[in-house]
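Each chain, written out:
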Amino acid sequence: MAGTLKLGSIPPLSVWHDEVLTFNVMTGLGPGAKFSLRAAPIPAGEMTLDPTSGFFKFAPTAEDRREISIWIRAQKEKNEDIQKFVRCAFLREDFKQTRSHQSVDTSLILV
């Protein structure tokens, strides 16, 4: 996924463990806002957020097969904009096994 997502409207996101999820974060605070990132549990893969541009990148590993809560905060002077969203990573093998046994909502799986 590439594009821009606004803080406060970032949906739950999913990504394959061998893919990379990227997007730009936008805030209503205007130019000059500084971005920060927190995730729990801490993912095994690389997760970064550029503090100046708001460019988010997540490259999960096979160990990241669980929900991860992510908080992105934008701050400018005394104002802040913050959002928590959930990110899940999937192994393709897990998905193939699940698909053969039951229906799966894939509307938020970004490939």
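First, a word on what this report is: a plain description of the structure on this page. Every chain is numbered on its own, with residues counted from 1 as its sequence reads. For a predicted model such as this one, the threshold for reporting local features is a pLDDT of at least 70, and the threshold for listing and counting side-chain atom pairs is 80 or more; totals across whole chains, interfaces and linings nevertheless cover every residue. In computing side-chain properties, one takes all heavy atoms of the structure into account and sets aside hydrogens as well as water.

So, about unusual backbone geometry. Following A40, the chain continues into P41 via a peptide bond in cis, with omega recorded as -5 degrees. Here P41 shows up in the loop between β4 (34–40) and β5 (46–49). A positive phi angle is found at E77, which is not glycine, with a value near 55 degrees. Secondary structure is summarised from DSSP: a helix means a run of H or I of at least four residues, a strand means a run of E of at least two, and numbering begins at the N terminus for each. Note that E77 resides in the loop between β7 (67–76) and β8 (79–90).

Turning to the side chain of Q83, a few remarks are in order. Inspection of the secondary structure assignment puts Q83 in strand β8. When a residue's accessible area, from a 1.4 Å probe over protein chains only, is under 20% of the maximum for its type it is buried; when over 50% it is exposed; and in between it is partly exposed. Judged by its relative accessible area of 11%, Q83 is buried. Whether two residues are in contact is decided by their heavy atoms: any pair within 4.5 Å suffices. Beyond its immediate stretch of four places on either side in the chain, Q83 contacts K6, L7, G8, S9, I10, I70, W71 and I72.

A separate point is the environment of L21. Turning to its location among the elements, L21 is positioned in strand β3 (residues 21–26). By relative accessible area, which is 1% here, L21 ends up buried. Residues L21 and A59, spaced 38 residues apart in sequence, show a C-alpha to C-alpha distance of 6.5 Å.

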